[in-house]
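# Working through the structure, step by step
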Amino acid sequence: QVQLVESGGGLVQPGGSLRLSCAASRNIFRIYVMGWYRQAPGTQRELVAHITNDGTTTYADSVKGRFTISGDNAKNTVYLQMNSLNSEDTAVYYCNLKEFMAYGQSTYWGQGTQVTISS
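Since we're looking at a predicted model, the values are computed, not measured.

### Some words on the packing of aromatic side chains
Under the counting rule described, the total for this entry stands at 1 aromatic pair. Here the aromatic rings of Tyr-37 and Trp-109 are separated by 5.1 Å at their centres, their planes lie at 70°, and the arrangement is edge-to-face. With Tyr-37 in strand E4 (residues 32-39) and Trp-109 in strand E10 (residues 104-109), this residue pair connects regions lying 72 residues apart in the sequence. For Tyr-37, a relative accessible area of 17% puts it in the buried group. Over the aromatic face of Tyr-79 sits the side chain of Arg-19, whose NZ or CZ is 4.0 Å from the ring centroid. Looking at Arg-45, its charged tip hangs above the ring of Trp-109, at a distance of 4.6 Å from the centre.

Structure, rendered in structure tokens:
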């Protein structure tokens, strides 16, 4: 098992920035995908960005050029730098970890952190 602890959410004005962090409670297995999803009221949870163990990143079209995901393997932590925020970015952001082992895959979710963009 692994716990994902998120931090960095909050209220920010349009055009502002936030940095989310997600720390895993133990060392992550060698092959993984770790990233962020978000869910706004009345919508489905959607992928924001993720990063793989070899550093490959993927972004939703809506955040390309504004958000940057990065990882610190030594700290078992992934970061999401969010710039040029707008009201459509308002959502609960969830950290997600997928570990791939010889015998299968395990998926973990954080508890979620609220991000609100408002003037």
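Structure shown, so let's carry the discussion forward.
### What to know about the pairing of strand E7 (residues 67-72)
Alignment of E7 against strand E8 (residues 77-82), held across 6 bridges, turns out to be antiparallel. Looking at the pairing, Thr-68 lines up with Gln-81 of E8. The antiparallel pairing of E7 with E8 creates a hairpin that spans 4 residues between the two strands, and Asn-76 there sits at a positive phi of about 50°.

### Looking at the sheet that holds E8
The strand order across the open sheet built from 4 strands is E1-E3-E8-E7, with neighbouring strands paired in antiparallel fashion. Among the strands making up the open sheet, the edge pair consists of strand E1 (4-7) and E7. Taking the axes of each pair of neighbouring strands and ignoring which way they run, one obtains an average angle of 15° across the sheet. Where E1 lies against strand E3 (residues 18-24), 4 bridges are found, and the strand directions are antiparallel. What sits directly across from Val-5, in E3, is Ala-23.

### Focus: the pairing of strand E11 (residues 113-117)
Both faces of the sheet carry side chains from a regular strand, because those side chains alternate between them. Side chains Thr-113, Val-115 and Ile-117 project from E11 onto a buried face, and the interleaved Gln-114 and Thr-116 project onto a face without burial. For strand E2 (residues 10-12) and E11, the ladder comprises 3 bridges, and the chain directions are parallel. Within E11, the residue paired with Leu-11 across the bridge is Thr-116. Strand direction decides the pairing type here: strand E9 (residues 91-101) and E11, joined by 3 bridges, are antiparallel. When the sheet's bridge partners are listed, Val-92 is paired in E11 with Gln-114.

Criteria and cut-off values
Residues numbered from 1 in each chain as written. Predicted model: local features only at pLDDT ≥ 70, side-chain atom pairs only at ≥ 80, totals over all residues. Heavy atoms only, no water. Phe/Tyr/Trp six-rings, centres within 6.5 Å; stacked < 30°, edge-to-face > 60°. Helix = DSSP H or I, 4+ residues; strand = E, 2+ residues; numbered from the N terminus. Buried < 20%, exposed > 50% of the residue type's maximum accessible area, 1.4 Å probe, protein only. Lys NZ or Arg CZ within 6 Å of the ring centre and 35° of its normal. Pairing = 2+ DSSP bridges. Axes fitted to C-alpha atoms, helices over the stretch in contact; angles between N-to-C directions.

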